[in-house]
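# Summary of the model geometry
So the chains spell out like this:
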Amino acid sequence: MDQIVERAATPAASDGADADGFRPAAVRYAGGAGTGGGEGLHRIGVNHRFSRVGLGFSYLRPGAWACLHFALAFDEGEEAASAVDCAAAGFDFLAADGSSLDLDHVPGLARSLLDPQVAWIPGPALLGPEPFRIAFRVPDQAQGLVVTLRSWRNTREIGVADPVLRLGEPDPEAGPRRRSLAGEGLTLRYALAEEIALVLRGQIYAARADEHAARVRLLYRDRAGAEIAPPYADAVSVPGLGAVINLSAQPQARRFTLTLRPPPGAASVELAFGVWEDAPAASEVELIGLPELALEDDFRLESLCDDDLLDAPTFLARLAGRLGLPGGVPASWLAASEAPAPAILAQARALRAGPDRSLRVEGARVILSLAGLPDWTLPEAPDWREDPYRSVAWRLAYQSLAWLLPLAARADGAIRAPGIAAAWSRANPWGQPADGLSLHPAALAPRGEVLASLLTGEDAPVRAELAAEAARHGFALAEIVSQNTLARALHGLQAAAALLALARALPGFAFSEHWESLARDSLTHGFDALLPEDGRFAEASPVRRLDLLSHGRAIAAALGEAEPGPAIRRRVEAALPGLAGLLDPGGRLPPFGDAPAGLDPAAWIARLGARGRDLVAEREATPIPESRTAGMLALRDHGLERGWGHFALTHAAQSPHGHRDCTSFTFATGARRWIVEGGGAEGVEVGPARHYLLSSRAHNVAIPDGRETVAGSGRITARLARDGARVLKLVTGVHGPGYAHARLFLVLDDLSGMAVIDRFERPGRAVSFEGRLHLSPDALVALANPRRALAQQDGRRLEFLAVALKGQPAGMEAGFGRNDRPHAMEGFCAAGSGGLRPAPVLRYTFTGRGRVCGGVVIAAEAEAEQRLVRLLAESEVRRLVEE
């Protein structure tokens, strides 16, 4: 182990950490972790999740982007060498008095159950020689931080050397939304289930410790909506306020647990969070994140199932017993709604891809076509462990049972589909599923909606069995929704939509009204986070944005005029034209972020649009406000003689586990797509292929000193219109606090050419960078000299000229499909079926000291190249480059 720690220390020692970074002020070990035998050296054991090193940092800069650096060394026999989550880094942010902040969103990190926030550390096969870096935006409330480097999948000890935290300048962009309790405060409303107690967990933060920082006012109502007068259990009656619970803020970040025991006859409860009336006018008190809601312990899914493998009817019988119902399961629980349950997720899928073609019937055979993979015949008696293509995406689609809906729509499938669903239920007792992926929200939510849709069958025994399984799915989805862990993800909206469908499919079930209130609340807050009123997206990928709008359209239709339906409808209508404006003349969206193969974005947008309105045609006549494209920009030219052209750029914020594509671009001219993206889709590619497609190596970005980009964002700081061209300047923070980076684009109006220029500054140090351009797999690339390359495609040519403005050019290289080392893989695009397709990649390099600036001119003809070179020499453009 000592040799491993020494190897970890070697690269870190040359990183100049002491010059501009903070070392841990305190270090703690647990679970078999310990010191590495020297200053700054540590080791993590293999007691998964519990072997850990805790690193304490002080004097954070609220609102600034920070970057944690540390070197890693692994044993040569590490079995999880290719795992993307070999180890974990947990982040616990602290208020000024040292209390922990349970924040619901920290840009650059992801929510976690074991640690408040987390970033995953890949295995050694996916890591290069440079120190590992994790970037994040310091929360506005945070003054300190404890980082926990934790064992996860590793099978051998891991060495860690010289962890250093570097702080950047304050972020000029607004931080995550804060929920102030001053003024009107915040009101939450929930329907109750059979007068069962609700447990609410949350956290209050006060800028200064205050014994009476906040309070919550309780108000219970009966089924008719009339108020039930206090007193209430565990609440104090205050004149003028009613029943109140004090929420002290000593320490500053104070977690609270409210056990709400409703009075007899109560059907709903309102919780009004606010500050006390005698609080200072400028009192800074807020609710950290959304509270977590749960039923009392006896009615949690884990408690109801215990360690028993219960089938659905037995689960329902146990629930009736817990409620003390002498007659067992009431018939009203199993009665289906007269109106069919809203198939929200099925409608969203139809908006995405048109009519459902996942299933066809040939005689007695049921043939499935899932996840873009070849047809597969369903066995007469499936065991639900099937995995014919070794594909995660296929398994999720199979376990979702969404393919039963087109079968149920057939005249001969109305009986067959419920029978197959009932067979799935019998083969999957809770706690021991046939396939563990069936519990993933991507399968669980659509399957819940399918069960809700199948409850209208005439076979009473099967319908009762499906109703019991639907109720069990409702419990699972309600717990996912109420935990808020997925509140900022599409999976969270899908879970809430499925819960809404189940609540409406079982109107007589004791928990249905409670589920509907949970679903509505989750949908309200989910769209607040992912698609605010101004139409800006939190999601970077255009395809995921369209998915969000498709779900929004279907959810709004299901809710009608009931909130939050109208609010969601307005946001969808505000955001849709911006996405239509990104389409190229060939009907494709820029492939930034996840971009699954086989989609028709133009048809998708047409299905989403209002009747009688052509958004694709409108994009030419109506300028789209930049706020509606949210971090993306597109230029197009129809070029009737030359052929159409298109330029697209993304500077959207990079998420913790998303594509590292901020400042990447695509370029088409002469009706040919030349500069392309790696593409890919979640659940299709896995392992090293997925890791590569997410990395900056798969995108058209610049990489300084061999260090790939980290989480962060870019913003357009200048625009010019010059001599038939547009000039755009981006300033980014995706290279960490150690680099000042700007990227300049010059794009000719007729899109016959463009230039991309990068400037990196690192005062007093040597600095170099490598730019990458990924060309269409159908293109041929050749080098003419160290500064010029040529590409050819379908009889058309494109030329590349390297230009140095500060520093020296250091050569140009062309590659094609290198995969000898997973951590250095390059020159591939997603094939659409889980594999990778080799593609040409052009690399150009510049080097200097303190500051280096250069890039490439890309032109389809000599005249366009000359115009761009002249533009780069103009004083106003040079000023943008040099500032």
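Residues numbered from 1 in each chain as written. Predicted model: local features only at pLDDT ≥ 70, side-chain atom pairs only at ≥ 80, totals over all residues. Heavy atoms only, no water.

### Examining the overall build of the chain
What counts, and what does not: In this text, helices come from DSSP runs of H or I with a minimum length of four residues, and strands from runs of E with a minimum of two, each type numbered from the N-terminal end. Radius of gyration means the value over C-alpha atoms here, while the globule rule gives 2.2 Å times the residue count to the 0.38 power. Burial status follows relative accessibility: with a 1.4 Å probe on protein chains alone, a residue under 20% of its type maximum counts as buried, one over 50% as exposed, and anything between as partly exposed. What makes two residues a contact is simply this: any of their non-hydrogen atoms within 4.5 Å. With residues, only the protein chains shown are counted as cover, and all accessible areas are computed by Shrake-Rupley using a 1.4 Å probe. Counting rule for charge: Lys and Arg are taken as positive, Asp and Glu as negative, and neither His nor the chain ends is counted. Where a charge sits is defined by one atom per residue type, namely NZ (Lys), CZ (Arg), CG (Asp) or CD (Glu).
For the chain, the helix and strand inventory stands at 20 helices and 42 strands. In terms of C-alpha radius of gyration, the chain reaches 29 Å, essentially the compact-globule figure of 29 Å for 883 residues. Residues counted as buried form 56% of the 883 residues belonging to the chain. Considering only contacts in the chain between residues 6 or more positions apart, those separated by 24 or more positions represent 73%. Total accessible area computed for the chain in this model is approximately 34,800 Å², and 50% of it derives from carbon and sulfur atoms. Distance between charge centres in the chain, computed from 93 positive and 106 negative side chains, equals 4 Å.

### Side note on the sheet that holds strand β25 (residues 365–368)
Formally: Any two strands with at least two DSSP bridges between them are considered paired.
Taken in spatial order, the three strands of this open sheet run β24-β25-β26, and their pairing is antiparallel. Strands at the two margins of the open sheet, each flanked by one partner only, are β24 (359–362) and β26 (376–377). By the bridge criterion, two bridges tie β25 to β26 in an arrangement that is antiparallel. Across the sheet, residue L368 finds its bridge partner in β26, namely W376.

### Things to note about the sheet that holds strand β10 (residues 132–137)
Pairing is antiparallel across the open sheet formed by five strands, whose spatial order is β2-β3-β12-β5-β10. Two strands lie at the open edges of the sheet, namely β2 (34–35) and β10, each paired on one side alone. Pairing geometry for strand β5 (residues 64–74) and β10, over six bridges, is antiparallel. Within β10, the position partnered with A66 by the bridge is F136.

### Examining the pairing of β24
On β24, burial follows the alternation: L359 and V361 on one face are buried, whereas R360 and E362 on the facing-out side are not. Bridge analysis of β24 against β25 gives four bridges, and the strand direction is antiparallel. Directly across from R360, in β25, lies its bridge partner I367. In sequence, β24 turns back onto β25 through a hairpin of two residues, with G363 there showing a positive phi of about 65 degrees.

### Section: the pairing of strand β29 (residues 665–669)
Consecutive residues of a regular strand have side chains that alternate between opposite faces of the sheet. Summarising burial for β29: five of the five residues are buried, a large majority. Taking every second residue as pointing to the same face, both faces of β29 are buried, with F665, F667 and T669 on one and T666 and A668 on the other. Two elements, strand β28 (residues 645–650) and β29, share four bridges in a ladder whose sense is antiparallel. Opposite H646, over in β29, you have A668 as the bridge partner. As defined by bridge partners, β29 adjoins strand β30 (residues 672–675) across three bridges and the pair is classed as antiparallel.

### Side note on the pattern of salt bridges
The line we're drawing: A side-chain nitrogen of Lys or Arg and a carboxyl oxygen of Asp or Glu constitute a salt bridge if their distance falls within 4 Å.
This structure, assessed with the given rule, holds 60 salt bridges. Notably, a salt bridge pairs D750 with R642, separated by 3.5 Å at the nearest N-O pair. You can see D750 sitting in the loop between β34 (740–748) and β35 (753–774) and its partner R642 sitting in the loop between β27 (632–637) and β28, a full 108 residues away along the chain. By relative accessible area, which is 29% here, R642 ends up partly exposed. Overlapping salt bridges bring together R137, D140, D171, R178 and E286 as one network.

### Describing the environment of D600
Tracing the backbone through its elements, the reader meets D600 in the loop between α15 (565–580) and α16 (601–608). Separated by 323 residues in sequence, D600 and E277 have C-alpha atoms that sit 56 Å apart.

### Quick word on unusual backbone geometry
Note: most residues except glycine have negative phi, and most peptide bonds are trans. Going from P230 to P231, the amide bond is cis rather than trans, its omega being 10 degrees. Cis peptide bonds are those with omega within 30 degrees of zero, and the linkage from E563 to P564 qualifies with 5 degrees. With respect to the element layout, P564 can be found in the loop between α14 (542–559) and α15. A positive phi angle is found at L401, which is not glycine, with a value near 60 degrees. Mapped onto the elements of the fold, L401 is located in the loop between α7 (392–400) and α8 (404–408). Its identity as a non-glycine residue notwithstanding, D794 has a phi of 50 degrees, on the positive side. Note on placement: D794 falls in the loop between β37 (788–793) and β38 (796–806). Under the relative-accessibility criterion, D794 is labelled exposed at 57%.

### Structural notes on α14
Threshold: Given a helix with a known number of residues, its expected span is that number minus one, times 1.5 Å.
Over its 18 residues, α14 extends 26 Å from the first C-alpha to the last, a length consistent with the 26 Å expected when each residue adds 1.5 Å. For α14, a buried count of 15 out of 18 residues is recorded, marking the element as mostly surrounded by other parts of the structure. Two residues or fewer after α14 comes G560, characterised by a positive phi angle close to 65 degrees.

### Looking at the side chain of D750
Using the following cut-off: Whenever two N or O atoms come within 3.5 Å, that pair is a polar contact, provided that in protein one can donate a hydrogen and the other can accept it, and provided that, for residues adjacent in sequence, both atoms are side-chain atoms.
Of note is the side chain of D750, whose polar atom sits 3.5 Å from the side chain of R642. Within the structure, the side chain of D750 is placed 2.8 Å from the side chain of S752, a separation counted as a polar contact. The residues contacting D750, other than those within four sequence positions of it, are D637, R642 and R867.

### Points about the packing of aromatic side chains
We describe a pair of aromatic rings using the distance from one ring centre to the other and the angle between the two ring planes. Formally: Any two rings among Phe, Tyr and Trp, with Trp reduced to its six-membered ring, count as a pair given centres within 6.5 Å; such a pair is stacked if its planes are under 30 degrees apart, edge-to-face if over 60, and tilted if neither. A ring has a charge above it when a Lys NZ or an Arg CZ is no more than 6 Å from the ring centre and no more than 35 degrees off the ring normal.
One pass over the full model with this rule turns up 30 aromatic pairs. Summarising the aromatic geometry, the rings of F93 and F136 are spaced 5.6 Å apart at their centres and angled 65 degrees between planes, so their arrangement reads as edge-to-face. Here F93 is found in strand β6 (residues 87–94), whereas its partner F136 is found in strand β10, with 43 residues between them in sequence. Judged by centre distance (5.9 Å) and plane angle (5 degrees), the ring pair of Y398 and W403 falls under stacked. Accessibility assignment for this pair places Y398 and W403 in one class, buried. An aromatic cluster is defined as three or more aromatic residues linked by ring pairs; in this entry it consists of F299, F315, W333, F475, F509, F511 and W515. One Lys or Arg, R49, reaches over the ring of W152 and ends 4.3 Å from the middle of that ring.

### Looking at the nonpolar core
What counts is decided by this rule: Among the buried residues, those of types Ala, Val, Leu, Ile, Met, Phe, Trp, Tyr and Cys that are joined through side-chain atoms within 4.5 Å form a nonpolar core.
Counting 143 residues, the largest nonpolar core has L271, F273, W403, L404, F475, F509 and F511 as its most contacted members. In contact with L404, not counting residues within four places along its chain, are A417, I420, A421, V450 and L454. A80, A87, L109 and V147 belong to the second largest nonpolar core, which has 40 residues in total.

### Structural notes on the confidence of the model for the chain
Put simply, the rule reads: Across the chain, each position has a pLDDT score giving the predictor's confidence in that residue, from 0 to 100.
Confidence in the prediction for the chain averages 90 pLDDT; 94% of positions are at 70 or higher. Within the model, the stretch residues 3–7 combines pLDDT values under 50 with twelve contacts to residues more than four positions away or in other chains. In the model, residues 621–627 has pLDDT below 50 throughout and makes nine contacts with residues more than four positions away in sequence or in other chains.

### So, the environment of G183
By secondary structure assignment, the location of G183 is in the loop between β13 (179–180) and β14 (186–191). Using a relative accessible area of 76% as the deciding quantity, one classes G183 as exposed. In the structure, G183 is positioned 415 residues away from G598 in sequence and 50 Å away in space, judged by C-alpha atoms.

### As for the state of the cysteines
As a reminder of what qualifies: The definition used for a disulfide is geometric: two cysteine sulfur atoms within 2.5 Å.
Per the counting criterion, the structure on display carries zero disulfides. Free of any disulfide, C829 has its nearest cysteine sulfur in C662, 20 Å distant. Between C853, a cysteine without a disulfide, and C662, which holds the nearest cysteine sulfur, the sulfur-to-sulfur distance is 18 Å. The class of C853 is buried, set by a relative accessible area of 2%.

### Here we look at the environment of L549
Tracing the chain through its elements places L549 in helix α14. According to the relative accessible area criterion, L549 is buried, its value standing at 0%. The spacing of L549 and L351 is 198 residues in sequence and 9.6 Å in space, taken between C-alpha atoms. Not counting chain neighbours up to four residues away, the residues in contact with L549 comprise L531, F537, V572, A575, L576, L579 and L608.

### With respect to the packing of helix α12 (residues 490–505) against helix α13 (residues 512–530)
Rules: To define axes, lines are fitted to C-alpha atoms, for helices over the stretch in contact only, and angles between the resulting N-to-C directions are given on a 0 to 180 degree scale. What sets the label is the angle itself: under 35 degrees gives roughly parallel, over 145 gives roughly antiparallel, 65 to 115 gives roughly perpendicular, and the rest give oblique. Two helices crossing with the near one rotated counterclockwise from the far one by less than a right angle form a left-handed crossing, whereas a clockwise rotation gives a right-handed crossing. Following the grouping adopted for this structure description, the nonpolar residues are Ala, Val, Leu, Ile, Met, Phe, Trp, Tyr, Cys and Pro, the charged ones are Asp, Glu, Lys and Arg, and the polar ones are all others, Gly among them.
Viewed as axis vectors pointing N to C, α12 and α13 meet at an angle of 155 degrees, and their least axial separation amounts to 8 Å. Considering their axes alone, α12 and α13 lie roughly antiparallel with respect to each other. In this structure, the crossing between α12 and α13 has a hand that is left-handed. Note on element contacts: α13 touches α12 through S512, W515, E516, L518, A519, R520, S522, L523, G526, F527 and L530, opposite L490, G492, L493, A496, A497, L499, L500, L502, A503 and R504. Looking at side-chain class alone, the contact of α12 with α13 contains 14 nonpolar, four polar and three charged residues.

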